[in-house]
Amino acid sequence: MKIKKLMTALLATFLVMHGGLQGQVSKKENPQMEKRIQKLISKMTLKEKTGLLHGNSKFFVSGVSRLGIPEWSLSDGPHGVRAEINRHDWGYSNWTTDSATYFPTGTAFAAAWNPELARRRGEVLGEEARFRKKDVLLGPGVNIIRSPLGGRNFEYMSEDPYLNARLAVPYIQGLQSRDVAASVKHYLANNQETNRTTVDVLMSERALREIYLPAFKAAVEEGGSYTIMNAYNKFRGDWCSENTYINRTLLRDEMGFKGVTMTDWGGAHSTVKAALAGLDLEMGTMVDDYNQWFFADPLIEAVKSGAVPESIVDEKVANVLRVMIQTNVLDPKKRFNKASMNTPEHQQAAYQSAVESIVLLKNENNLLPLDVNKINSIAVLGDNATRLHANGGLSSEIKALYEITPLQGIQNKLGDRIKINYAQGYEKLSTFVEGSNNGQNPGNFKGGGELDKAVLKEAVETARKSDIAIIYAGLNHDYDTESSDKQGYALPYGQVQLIQEVCKVNPRTIVVIIAGSPVDMAAIDICAPAVVWGWFNGMEAGNAITDVLTGKETPTGKMPFSVPVSLDQSPAHAYNNFPGQDLVVRYDEDILVGYRWFDTKKLPVVYPFGYGLSYTSFEFGQMNTDKTEYTVNDSIEVSFTLKNTGIRKGAEVAQLYVSDPVCSVMRPTKELKAFEKVFLNPGETRDVILKVPVGSFAFWSEAENKFVVEPGEFILSLATSAQDIKQTLRIQVK
């Protein structure tokens, strides 16, 4: 350790951008565009300027018609363009032309580990947003999954900043290629829903830089996101919408962001402080006198009194106009003109996304795939076999053109030759009226619960008389939802008892988990011979899961989060700092989030990050690097062959983790730094090269206030999950 510290002192440390140097978007200004912006601003009154900086209804911002600036239209849409909302209340407009393509939600999106699918998803969402004449689509959500209980985990992606970044960038690029601005959210540290509008998040600068900021940084610097949405919470004492450090120092000064920062709906708290801190656009919910919003008449008064320089207002207007010009809002003849909704191509993209997200977790005695030629009857059990999920989750709800449930999928594909026996299995008990509050229960449930004896008996008897039993278990949008966190880790509605009893009478039982967050799987993994994670998987969910179970498709998904043995072993809960105390939450686990925690603390998990089985098998050839010694400015090329040694077409996600065994600061045991999803036919072999910038090995030095790569030895691990290491190599960094 002393030798390495001495080397660090003698050999200059290097300031590097975490995540590497690849793919940055140029920050060169377009002089012609900037001249056009200033010309427009010079013709505006102060009232017209502020009109561009706040909503004039739920999802619209005023234009300046005399200058050819139209209204700006925004829409929710991380996995589908939301149905049309009334201008001045939250009721739906009841259009007949706003049914959208419904994609798998965020964690399912991440489980595919496929940047090409991410780009295609963005393109489809952009095409449908343009068809609906939307200018800004609110998404993607790139926050880190910090706790299994997080209500919006399903909307986000994973527990790993690198995976989030690598998927967010092509998603944004695909969306914006259709002249629709992305709004990356929720900036910053929105990792819980409990007290989300008041809680103050405190974390180290190192945790911020290494874990919670990188996906936002990549979204701006590589993805070129045109807008950023501030989170509701406070960060180090200031609400995100009026936080100078995150909005000016980090976003504008360090990342070079030239776009629009906006509030989440109702997320503004002041006029002067927010204006000076860098907020551009106020959107809201409750106050319908739009002239009284913080960035309306109060902003005009602040300018007149000298509290806010008019140059600050001009800066904000310029940001709005810049995004309008970049998406051709001001030049409609140049705008993307192949807008469409619900085309067969869009539906195929939704289907492929669903298929690639499905994760095979357990498969005793090769129970899967099912040989349908040897099956006479299948028991389909569980409320999630028939439940629709598109219309839940609050702001993420979708008015889907259709949604194929698991029962519909298996009936459509197998019902003409196999007897399908359905039983509900468990009841979705609630104390609220179905359809009210968008089907949400604001109080949530703790999980566990008792089964109705008659309902359980029916399910067990149905399983007993069937050749195969498939239980569609998990959560729904009472649990995975905006506005409330889950109150417990256990599966609700007595589902564990159902699974145990069915497995006793039918040894050929498959459990399919429909959920967007980690849930307690310890007992299920013990008793069920086959386990599959099926997610809130979009409009083609039922078709996709049936095709995977029957072998028409081979599962290729990998878990985007760890599944702990128990909640108290999860890092946020091990320190008892979720959801915080006295409206303050301290991230005492620091950089040890997800697999970084479980690896470093040597804690077992039920299913590790990156884990997923297949119906085929793969063989890795010898792992090599192009050199053995590198400088901080180099990029490492890790090469190997990958062969499909089975009899089915499939895909393996080759994952590369990096370890820094001797360092002047604590480091996680390993961190994901590269991956590639490789599709192979039976017997096919492919050469694979993973490129890893040495700069991405950096840690944030709080002593030096910069990213540092210390010279010395690093270990590269080629793996198929965070726990399944195939090969390792050691390299030296000078």
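You'll find the structure just up there.
Fair warning: this is a prediction, and the values are worked out from it, not measured in the lab. (Residues numbered from 1 in each chain as written. Predicted model: local features only at pLDDT ≥ 70, side-chain atom pairs only at ≥ 80, totals over all residues. Heavy atoms only, no water.)

Some thoughts on the packing of helix 2 (residues 31-42) against helix 12 (residues 310-326)
Right, so step 1: Where helix 2 contacts helix 12, the two axes come as close as 10 Å, and the packing angle between them is 125 degrees. With respect to helix 12, the element helix 2 is oriented oblique. Handedness of the helix 2/helix 12 crossing: right-handed. Contacts between helix 2 and helix 12 pair Met33, Glu34, Arg36, Ile37, Gln38, Leu40 and Ile41 from the former with Asp314, Val317, Ala318, Leu321, Arg322, Ile325 and Gln326 from the latter. (Axes fitted to C-alpha atoms, helices over the stretch in contact; angles between N-to-C directions. Helix = DSSP H or I, 4+ residues; strand = E, 2+ residues; numbered from the N terminus. Parallel < 35°, antiparallel > 145°, perpendicular 65-115°, else oblique. Left-handed = near helix turned anticlockwise from the far one by under 90°. Contact = heavy atoms within 4.5 Å.)

A short note on the pattern of salt bridges
Right, so step 1: Within the structure shown, the criterion is met by 53 salt bridges.
Right, so step 2: Close ionic contact of glutamate 356 with lysine 677 constitutes a salt bridge, the shortest N to O distance being 2.9 Å. Separated by 321 residues along the polypeptide, glutamate 356 in helix 13 (residues 344-357) and lysine 677 in strand 24 (residues 671-680) bring together distant segments of the chain.
Right, so step 3: Residue classification places lysine 677 among the buried residues on the basis of a relative accessible area of 11%.
Right, so step 4: Measuring nitrogen to oxygen at the nearest pair gives 2.5 Å for the salt bridge that ties arginine 387 to aspartate 383. Of the two residues, arginine 387 and aspartate 383, neither departs from the other in class, the shared state being buried.
Right, so step 5: Overlapping salt bridges bring together Arg152, Glu155, Glu193, Arg196 and Glu482 as one network. (Salt bridge = Lys/Arg side-chain N within 4 Å of Asp/Glu carboxyl O. Buried < 20%, exposed > 50% of the residue type's maximum accessible area, 1.4 Å probe, protein only.)

Section: helix 11 (residues 297-305)
Right, so step 1: Among the residues making up helix 11, those that are buried are Leu299, Ile300, Ala302 and Val303. Around the axis of helix 11, the buried residues are gathered within 160 degrees of arc, so they sit on the same side. Residues Lys304 and Ser305 are exposed on helix 11 and point more than 90 degrees away from its buried face.
Right, so step 2: Contacts made by the buried residues of helix 11 are with helix 3 (46-51), helix 10 (272-277) and helix 12.
Right, so step 3: The first or second residue beyond helix 11 is glycine 306, which carries a positive phi of 90 degrees. (Arc of directions from axis to C-beta.)

With respect to the pairing of strand 28 (residues 712-719)
Right, so step 1: Across the eight residues that make up strand 28, a large majority, seven, are buried.
Right, so step 2: As paired elements, strand 23 (residues 650-659) and strand 28 share five bridges and run antiparallel to each other. Counted as the bridge partner of glutamine 655 is alanine 719 from strand 28.
Right, so step 3: Pairing geometry for strand 28 and strand 29 (residues 725-733), over eight bridges, is antiparallel. Following the sheet pairing, leucine 718 is matched in strand 29 by glutamine 727. (Pairing = 2+ DSSP bridges.)

Structural notes on the sheet that holds strand 29
Right, so step 1: Strand order in the open sheet formed by five strands is 21-29-28-23-24, with mixed pairing between adjacent strands. In this open sheet, the two strands that pair with only one neighbour each are strand 21 (629-630) and strand 24.
Right, so step 2: By the bridge criterion, nine bridges tie strand 23 to strand 24 in an arrangement that is antiparallel. Opposite alanine 651, over in strand 24, you have phenylalanine 679 as the bridge partner.

Considerations on the packing of helix 15 (residues 453-464) against helix 16 (residues 495-505)
Right, so step 1: Two elements in contact, helix 15 and helix 16, have axes separated by 9 Å at closest approach and are oriented at 30 degrees. For the element pair helix 15 / helix 16, the angle class is roughly parallel. The handedness of the crossing between helix 15 and helix 16 is right-handed. Taking contact as the criterion, the partners of Leu456, Ala459, Val460, Ala463 and Arg464 in helix 15 are, on helix 16, Gln497, Leu498, Glu501, Val502 and Val505.
Right, so step 2: The residue inventory of the contact of helix 15 with helix 16, partitioned by class, reads seven nonpolar, one polar and two charged. (Nonpolar A, V, L, I, M, F, W, Y, C, P; charged D, E, K, R; others polar.)

A closer look at the nonpolar core
Right, so step 1: Formed by 133 residues in total, the largest nonpolar core has its most connected members in Tyr187, Ile378, Ile470, Ile510 and Phe697.
Right, so step 2: If one sorts the elements of this core by residue count, helix 6 (residues 161-176) sits on top with seven residues.
Right, so step 3: In this structure, Ile41, Trp265, Leu279 and Ile300 belong to the second largest nonpolar core, which totals 47 residues. (Core = buried A, V, L, I, M, F, W, Y, C linked by side-chain atoms within 4.5 Å.)

Things to note about the side chain of aspartate 179
Right, so step 1: Note on placement: aspartate 179 falls in the loop between helix 6 and strand 4 (181-187).
Right, so step 2: No salt bridge forms around the buried aspartate 179; measuring N to O, its nearest opposite-charge neighbour arginine 335 is 4.8 Å away.
Right, so step 3: Excluding residues within four positions of it along the chain, aspartate 179 makes contact with Arg130, Gln326, Thr327, Asn328, Lys334, Arg335 and Phe336. (Lys, Arg positive; Asp, Glu negative; His and termini not counted.)

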